[in-house]
Amino acid sequence: MSVYGQNHFTWNGTLRDLHGSYTGFCTGRGRPSMTATLSSSSGLEVLLSTLQNVGDVESTLNILSVLDELLSAGTDGRIHYMIKKGGSEALLTALVKYGHTFSPNYTILIPLLHLLAKVGHKDRRIGMKAEEAGAVLLTLNLLKHNGQHARRTAACLWVIQVFCSSVSTANLIGENHGLDVIYRLIPQYTTKHLHAIKAAINAFSALLCTKANVCSAVSKEYISGFLWLYEDWHSKDNQDVAIAIRHALLCCLLKATDSTAGRQAFLSQGGIRLLYQTAQTCLLSKNLECLVEPSVQLMRKCLPRIPLPVTSDQSAYSFLLPGTPAFTDVSETPDESSDESDAEEAEDNHEANNRDYDDDLETDLNKLRLPPDPDRPKELLTQYSCFCPELSHDFQELDLSSETGDSSTASSSSDDEVVLLNKDRTKTTASRDSSTSDGSYSEMEISSRDMPAAAHLEACDFHSHSSILGTSPGFRTMVRGAMGEASPCQREDEQDNEEDGTEEFYHHTIIDRLLERHGAGIPHHDPKLYCAVASKTKSIPDFSILAFPDFWGHLPPPGHQPMAPRKPNIQSLQCHSDSLRFFSKFESGNLRKAVQVRRYEYDLILNPDVNSSQHTQWFYFEVSNMAADVPYRFNVINCEKSNSQFNYGMQPVLYSVKEALEGRPHWISTGTEICYFRNNFCPAQGRRRTTFYTLTFTITFKHSEDVCYLAYHYPYTYSALMAHLKILQKSVDPAKVFFKQQTLCSTLAGNSCPIVTITACPVSRRWKDLHQMRNRPYIVLTSRVHPGESNASWVMKGTLEFLCSNDLVAQSLREAFVFKIIPMLNPDGVINGTNRCDLNSKDLNRQWSKPDPLLSPTIYHTKGFLYYLNIIGRTPVVFCDYHGHSRKKNVFLYGCSIKETLWQSGSAVDTVGLKEDPGYRTIPKTLDRIAPTFSFNSCNFLVEKSRSATARVVVWREMGVLRSYTLENTYNGCNQGIYKGLQTGTQEHQEMGMKFCHSLLSVTKDTRILYSRKLINHIDLDHNMLDHKSHNCFEDDEPPCAEEIEYSGGCPTLKGSDLDSDIDSNMAHVDDDDKEHSAQKHQQDSISQSQQSSIKNHLFPPQTAIR
Ligand SMILES: [Zn+2]
C-alpha cells in the first residue's frame, strides 16, 4: 500500500499493480489488449478498451461489475472522469455488440444498461454519441420486445430517458413511435413493478423536451390519458405507496402543457378542476405535500391570462412635463425595462447569476480611476455658494445673547398656527369627476365579481363629503361618537351644506377638541403643524384630505414584533356585513381600485408611477366599514417584483384610528397567511409582456366601524418631513447648534426640496473659533430618492434627530463636521404615492451622470452643490444615500473599490502597483460592531456598469469621494444580532440613523480633527453590549423562494427519487422473470471486497477520488 504513496504515484505504476491484481479475475483473452495499451494509457482506459474487445460473458460481467462498483462509491467527479476517458462510447459499443444478436444475453445487457444510464445521465452529449453508435433505435427495439419483463423494461427506459437529453435523439425516438410504445407501458393503478412504471412515465416526460413530440402527444390525446391516469392513481393509492408515480405523472403533464394546444387540451379536459380537487386532499396529508406544488404550477400555467380590470395600464395620474408641447401618450415611449427598475435590488443577485454579474463589473481602469469631464461649466457652480451659509455667516448674535439667532431659527412662524385646508372641495370634486386626465376617480370604486350589484358603491360616497380632516364619513361619525356629540348623521348632512368659512371654523374647533380630549402627544410631532404644512404641499390630484396617521402621528409600539410565521392557507367564516370601503386620495396614498371577489375577499389594484405604466409595489390606503373579528382577505394583484420579503416573515402595517384615539397611535405589523406569488394577470392593454405577482394577506380588524390604514411599510410623507424639520429647528439651541433649512430647488410640481445644514456654532466670534468652524470637513447625506422606500426616511429621521440632540457624540460630531442633508430627493414621487420614479417616470437614481436641469432638478442641483464643494476644496469626506431593500434582511452598505471590483471580475489588470486607500471599509466595519441591524457580510464594494449613473458611483468617481455609499435598509427584519427574527420597526430604523452618525466618529481620526477619548469610550461601551452578534458568513441570506422554482418552469424534483437511486434499487431487486440475475449476483460476490476496493483506489487520480 505504501508503495503508492503520494510522492511515488504514477499511472504506470498503478497499472502495473492493476495488472497483477487484475489477472485474478480476468480471463486470458482479455489480457493481450490490456498489455498493448499499458505504456500510454490509464488503468481506466484499459478497462474500457477491454470491455469493448473481450468476447466472453464472465470477463464482461466482471468488468461491468468493477466499473459499477467504482462509480457507485465515488462522486460525480469519477463519472466525469470516465466520460472524459471515453466511457460512454465504450458502453455504447458494448451495448450494440450484445444487443444486436438474435437472442440477446440479458445477463450482460441489464447491468450494461444500468451503467449506461448512470454514466449517460452525466454526459451532456450522450444522445449524439448514442445516435452515432446506432444504439438509439436498438434500445427502443429491446424495449418493444421486453414489455413483459419489468427489470429489462426499466433498464431500457432509463437509457431512453438519458438519450433524450438531446433534442434530435428525442425526435428520432418520437418518429419511431417511441411515445406510443412507452405510453402503453403505463397501466392503471397497481402495486406491482412500480419502478418500471415510473421509468416509463419519466421516459415519456423526457421525450416531451421537443416541440414535435409535445405536438404529437397532444394530438394523440395523451393529455386526457394522463389526467385520467392521475385521477385513477390518486383515488386508489390510499396507502400512499405510489407518490412517486403520481408526482411523475404531474411532471409529465407539466411538460405536455408547454404548448398552447397542450394547455387548451388540459383546460378542456377538466384539468383545473381535477387538480384543484386532488390538491385539496393532498393538503390534508403531510406525505402528499410534494404533490401540491406541481399541481399548483400546472393550474397556474394553464389558467388563461386575465387582463387587469382597469381601463388603462397607464397611471391614473399624468403630469405635463416642462418642454413637452402637449400631452403625449407616454405608453408609446418605451418604459424603462423592468429589470432596470429592479436594478438597485438586483445588486444581491450575483450569486444566482454570477456570470452576468461579473460581466457587469467595471473593468476599464480609466473609468474606475479618472473622473469624466464635468457635466456643466464652472460658472454655473457659483450659485451654490448660498448653500454654505456657515462659511459666510458672521455670528453677530453670539455677542448679543438677548437676540435670537435670526438665520438659524425659523423665518416666520405665523403660518404654523393656521390650519389651511381651505381648498375649495366642492369645486375640486366636481372638476375631478369630469376630469379625463385623472382617470383614477372613475376607477376608484368597488366593483363586484361574485356578488352582483350588492357591493357597488359610488365613488362620490367618499369624495362628495368633506370632513374635519377630509377623511371619510365613517371616521367623522366615529370621531363625533367618541366625542359624545348627538346625532352624527344629522350633523353630517348639515355640514355638507355649510359654507366654507363656517366649515373651516367647525373643523378648526373639532381638531382642537379632539386633541384636547385625546391628546396625541407624540414627540417631534404636532398635528396642527402637520395640517398647516400639508396644506402647502402640491400634489397632482390636488389632495385635500389627510390620512389620519400622518395627521395624528405614530409611536412605535411597545416591544418588538417577531417576523410572521407562515401557515397553510385555510380560512372560512360566515358573517354578515356590508362591503369594505376603500380610499386613497391623500398624500403618499396608492390604491387604484378595489374589487370585491368574495364576501370577505378583495382584489386590490395599485396605481403605476405617474406618467408610467409600471413600478407598482407601494401601497397606502384607508379602509372602513369593517366588522370586527372577521378575517378579510386582501390580494394586491399587480405587484411587479419577482420575489418579496413578504415570503420571509414581513407583514404589511396597519393603523387603527380607534386604537389611536384610545392612546395607542401605532403602526403595527399585521396580517396572517401572507404569501407573495406569481399570478395569471396580464396588462389590460397587453402591450407589455409583464408578469404580475400577488401579495395576499388576511386582516382581522379589532373594532367594528373603525377606520384603518394599511401600507406596504411605515408611511412617511413629504408633509411629515417638512413639519418635522420645523420642529427640529425649534428644538435646537441656536446659540449652540447651527441649523439652517434652505430650499435647494423647486420640484417639477412646485414643491420645495429642502437642504439642511447642521453644525456646531463657533464658541465665540474670535477668529480662531470661526476659523475652526469654517474648516470642518463636510458630510453629505441624502435619502428617499425612491418614494416606495419609506424606511429610508425613518432612518433619516433618526439621523436628523440625533444630530440635533444634546447627546455627547452628537455634540462632538457637530464640532467635527458640517452636515449637509437633503432628506428627500424625490418629494413629488413621495407625495403622489409613486414607488420608484419621479413625475417624468424616470428612476432618479439613474440620472446622476447627466441630470437634466428641467426634468430632474433635485439631482441636478444636488450634483451641482457637490461640484461646488469640490471646486472650493471642500469635497465631502463621506457621502451616503439612504435606501430601502425589499429582498434582503438586515442593513448594509454598497461602496466603491477599484481593487475589489477588479479582483471580483477576474480582470487581468495588475492591481499590485495600484494604490487604494482602504478607508472605505472603516464605516461599514464600525457599523458592524455598533449597529444591531447592520451586517458587514451583506456589504459589497463593487462598481457595476449598470450602476454607473447612481449617486454612489457618480459621487465617488466624479467628486472623488472615497467613502461614497448606498445605505440599504431592510423592510423586513434581521437574521443576525440582537434583533434576529424580529421585524424592523420605526424605532429600529431611527436607531440605525443614529448609529450611522456614531460610525462617523471613526472618520474623524483620519481627518486629524479633535478626537476626544471620551467618545471612543462611548463607542466601545456600545461595542461591548453588542459584541455577541453572530457572524456566520456562510448562512444563506434567504432560503430559496418556494415559488421561484415555478417561475423557471421546471418540475420540482422529488427527494430521494432520482435516476441513480432508481437504478440502484432495480439492481438490488430480484424479479421472478429475471432468474439470471441471481447467478450474476453470485458472480459479483465471488470477487472479494478487498480486491475491488484496492482497484478502485488506483483507477482514479487521487483528486477525483477525494471529491
Ligand atoms: Zn432605492
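Residues numbered from 1 in each chain as written. Predicted model: local features only at pLDDT ≥ 70, side-chain atom pairs only at ≥ 80, totals over all residues. Heavy atoms only, no water.

## Some words on the environment of Pro523
Threshold: Strands are runs of DSSP state E lasting at least two residues, helices are runs of H or I lasting at least four, and both sets are numbered from the N terminus onward. Between buried and exposed lies partly exposed: a residue is buried under 20% and exposed over 50% of the maximum accessible area for its type, with that area taken using a 1.4 Å probe on protein chains only.
With respect to the element layout, Pro523 can be found in the loop between α29 (500-518) and α30 (527-534). According to the relative accessible area criterion, Pro523 is exposed, its value standing at 54%. Sequence separation of Pro523 and His554 is 31 residues, and the distance between their C-alpha atoms is 9.4 Å.

## A short note on the coordination of the zinc ion
Where we set the bar: Sodium, potassium and calcium take a 3.2 Å donor cutoff, other metals 2.8 Å, and in both cases only N, O and S atoms count; water is not among them, so sites may look incomplete.
Each protein donor to the zinc ion is listed here as His786 (ND1), Glu789 (OE), Glu789 (OE) and His883 (ND1); together their distances run 2.1 to 2.2 Å. Mapping the donors of the zinc ion onto the primary sequence yields the spacing H-x2-E-x93-H. Residue Glu789 is located in the loop between β16 (778-783) and α35 (790-803), and its partner His883 is located in strand β18 (residues 878-885); the two are separated by 94 residues in the primary sequence. Judged on exposure class, the residue Glu789 and its partner His883 are both buried.

## What to know about the pattern of salt bridges
Going by this rule: Counted as salt bridges are all cases of a side-chain nitrogen of Lys or Arg within 4 Å of a carboxyl oxygen of Asp or Glu.
Counted under the stated rule, the structure contains 24 salt bridges. Residue Arg952 pairs with Glu944 through a salt bridge whose shortest N-O separation is 3.1 Å. There is no split in this pair, since Arg952 and Glu944 are both buried. Linked through salt bridges whose partners overlap, the residues forming this network are Asp375, Arg376, Lys863 and Glu958.

## Focus on the sheet that holds strand β8 (residues 653-656)
The following threshold applies: In this analysis, strands are considered paired if DSSP registers two or more bridges between them. Where helices are involved, their axes are fitted lines through C-alpha atoms of the stretch in contact, as for all axes, and angles between N-to-C directions lie from 0 to 180°.
Spatial strand order, β3-β6-β13-β8-β9: five strands in an open sheet with antiparallel pairing. Only two strands of the sheet have a single partner each, and these edge strands are β3 (581-583) and β9 (667-669). With direction set aside, neighbouring strand axes in the sheet form an average angle of 30 degrees. Examined bridge by bridge, strand β6 (residues 620-624) and strand β13 (residues 707-711) share five bridges and lie antiparallel to one another. Residue pairing across strands places Tyr620 opposite Ala711, the latter belonging to β13.

## Digging into the sheet that holds strand β14 (residues 737-746)
Defined as follows: Residue contacts follow a heavy-atom distance rule, with two residues in contact if any of their heavy atoms lie within 4.5 Å.
The seven strands lie next to each other as β14-β15-β17-β16-β18-β20-β19, forming an open sheet whose pairing is mixed. Strand pairing shows two members of the sheet lacking a second neighbour, β14 and β19 (891-894), which therefore form its edges. The sheet shows a mean angle of 20 degrees between the axes of neighbouring strands, direction not considered. Pairing of β19 with strand β20 (residues 963-970) involves four bridges; the strand directions are antiparallel. Among the inter-strand pairings, Val891 is bridged to a residue of β20, identified as Asn969. Taken strand by strand, helix α38 (residues 857-871) contacts β14, β15 (752-760), β16, β17 (818-822) and β18, and its axis lies near 130 degrees from that of β14.

## Considerations on helix α11 (residues 167-175)
Filter applied, for reference: Arc definition: directions from the helix axis to the C-beta atoms.
Of the residues making up α11, those classed as buried are Thr169, Ala170, Ile173 and Gly174. For α11, the angular spread of buried residues about the axis comes to 140 degrees, placing them on one side. On the buried face of α11, the contacting elements are α8 (126-133), α9 (136-144), α10 (150-163), α12 (178-183), α13 (194-207) and α14 (211-219).

## Topic: the confidence of the model for the chain
In plain terms, the rule: Residue-level confidence of the predictor is summarised by pLDDT, bounded by 0 at the bottom and 100 at the top.
Mean pLDDT over the chain stands at 78; residues scoring 70 or higher make up 73%. pLDDT under 50 marks residues 1-40. Its contacts with residues more than four places away, or in other chains, come to 53 contacts. Ignoring residues within four places in sequence, the model shows residues 401-468, a span with pLDDT below 50, making 133 contacts including any to other chains.

## Some words on the environment of Gln651
To keep things clear, this is the line we draw: N or O atoms closer than or at 3.5 Å make up a polar contact, with two conditions inside protein: a donor-capable atom paired with an acceptor-capable one, and, for residues adjacent in sequence, both atoms drawn from side chains.
In this structure, Gln651 sits in the loop between β7 (631-639) and β8. You can call Gln651 buried: its relative accessible area is 11%. When the C-alpha atoms of Gln651 and Gly671 are compared, they prove to be 6.1 Å apart, with 20 residues separating the residues in sequence. In contact with Gln651, other than residues within four places in its own chain, are Pro562, Ala564, Phe646, Ser669, Thr670, Gly671, Ile674, Tyr712 and Gln983. Here Gly671 takes part through its backbone oxygen, which lies 2.9 Å from a polar atom of the side chain of Gln651. Among the polar contacts listed, one links the side chain of Gln651 to the side chain of Gln983, at a separation of 2.5 Å.

## Digging into the nonpolar core
Quick reminder of the rule: Throughout, nonpolar core names a set of buried Ala, Val, Leu, Ile, Met, Phe, Trp, Tyr and Cys residues whose side chains join them through atoms within 4.5 Å. Those domain boundaries reflect an automatic or database domain assignment.
Phe582, Tyr632, Phe634, Tyr709, Ile758, Leu813 and Phe819 are the most contacted members of the largest nonpolar core, which totals 127 residues. No other element matches the eight residues that helix α33 (residues 718-731) contributes to this core. Both domains that furnish three or more residues to this core are identified here as domain 2 (561-568 + 577-711) and domain 3 (718-906 + 915-1008). Listed in part, the 103 residues of the second largest apolar core include Leu67, Met82, Ala200 and Ile1063.

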